[in-house]
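Breakdown of the fold
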Amino acid sequence: MVTNIQTQLLGRDVSFPVEESRFGYWLVVLRLIVGWWFLHAGLDKFLAWPFDASWFVGGAAAQTSLGPVVTLFSDGILLSFTNIMVPLGQTLIGLGLIVGALTRLAAFFGAFLMTFFYFINGETGGWAHGVITGDLLGLLIFAMIATLGAGRVLGVDAYLAKTSFVRDHPRLRYFIG
């Protein structure tokens, strides 16, 4: 399997061939594991419906550095929005990573969620043994998946990148890969 990964790093085009099949397979395994992690988290919330994020956005987050932003979502319509979007987002992120479709977009939103989890969980006691936590590692894995174009290796993004629609709209390349 020879795949040429094309991406941008700090505004510069970066391209490198993935000639070693083990690296390509590693990207697929990584994408599948992280995809299952998020798909499982989202489906668990749907199966235990109704999901209530008020303990997190209203309780745990209140005394953290993200508290002023997150506590806006602690009641009313914004809490209802959060209660739907967290499980739906986790499920869609997981599905996107598993099938390799819109992988960069899925990885971006996965990293977005992991940023909140990292700071809120960390500042409420998760950093008691150091700042390197599972949430930080999850954030870094999402960044790696997006950066390395993991969706183009045995994923739907490889086919999407070749479509005339994506060629006619080059900005869509930022979402796939």
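Before going into details, it helps to say that this report is about the structure given with it. What you see is a predicted model; the values in this text were computed from it and never measured. (Residues numbered from 1 in each chain as written. Predicted model: local features only at pLDDT ≥ 70, side-chain atom pairs only at ≥ 80, totals over all residues. Heavy atoms only, no water.)

With 26 residues, the main nonpolar core has Phe 38, Ile 93, Leu 97, Phe 142 and Ile 145 as its most contacted residues. Of all the secondary structure elements, the ones that give two or more residues to this core are helix 1 (21–47), helix 2 (54–60), helix 4 (76–99), helix 5 (103–126) and helix 6 (134–147). It is helix 5 that contributes the most residues to this core, seven residues altogether. Contact partners of Ile 93, with chain neighbours within four places excluded, come to Phe 38, Ala 106, Phe 109, Gly 110, Leu 113 and Phe 142. (Core = buried A, V, L, I, M, F, W, Y, C linked by side-chain atoms within 4.5 Å. Buried < 20%, exposed > 50% of the residue type's maximum accessible area, 1.4 Å probe, protein only. Helix = DSSP H or I, 4+ residues; strand = E, 2+ residues; numbered from the N terminus. Contact = heavy atoms within 4.5 Å.)

So, about helix 4. Along its 24 residues, helix 4 runs 35 Å from first to last C-alpha, staying within 8% of the 34 Å computed at 1.5 Å per residue. Along its length, helix 4 reaches its greatest deviation from straightness, about 25°, at Met 85, and the proline Pro 87 lies no more than four positions downstream. All of the buried residues along helix 4 are Leu 79, Thr 82, Asn 83, Val 86, Pro 87, Gly 89, Gln 90, Thr 91, Ile 93, Gly 94, Gly 96 and Leu 97. One or two steps after helix 4, the chain reaches Gly 100, where phi turns positive at roughly 75°. (Expected span 1.5 Å × (residues − 1). Bend = angle between axes of the 7 residues up to and from the residue.)

In this section: a nonpolar patch on the surface. A cluster of nonpolar side chains, contributed by Leu 43, Phe 46, Leu 47, Trp 49, Phe 81, Ile 84, Met 85, Leu 88, Leu 92 and Leu 95, occupies part of the molecular surface with about 960 Å² of accessible area. Within the residue set of the nonpolar patch, elements represented by two or more residues are helix 1 and helix 4. When residues in the nonpolar patch are grouped by element, the largest group, six residues, is from helix 4. (Patch = residues over 30% accessible without salt bridge, like charges linked within 9 Å, V, L, I, M, F, W, Y side chains within 5 Å. Areas by Shrake-Rupley, 256 points an atom, 1.4 Å probe, with all protein chains shown as cover. Salt bridge = Lys/Arg side-chain N within 4 Å of Asp/Glu carboxyl O.)

A word on the environment of Tyr 174. Residue position: Tyr 174 is located in the segment after helix 8 (164–168). On the basis of relative accessible area, Tyr 174 is assigned to the partly exposed category, the value being 46%. Once the C-alpha coordinates of Tyr 174 and Met 144 are considered, the two residues, 30 residues apart in sequence, prove to be 15 Å apart. Beyond its immediate stretch of four places on either side in the chain, Tyr 174 contacts Gln 8 and Arg 104.

Here we come to the packing of aromatic side chains. According to the stated counting rule, one finds seven aromatic pairs in the structure shown. On the basis of an interplanar angle of 85° and a centroid distance of 5.1 Å, the ring pair of Phe 38 and Phe 142 is categorised as edge-to-face. In this pair, Phe 38 is assigned in helix 1 and Phe 142 in helix 6, connecting sequence segments 104 residues apart. Ring plane angle 75° and centroid distance 5.0 Å describe the contact between Phe 112 and Phe 116, whose orientation is recorded as edge-to-face. Residue Phe 112 and its partner Phe 116 are both found in helix 5; the two are separated by four residues, about one turn of the helix. (Phe/Tyr/Trp six-rings, centres within 6.5 Å; stacked < 30°, edge-to-face > 60°.)

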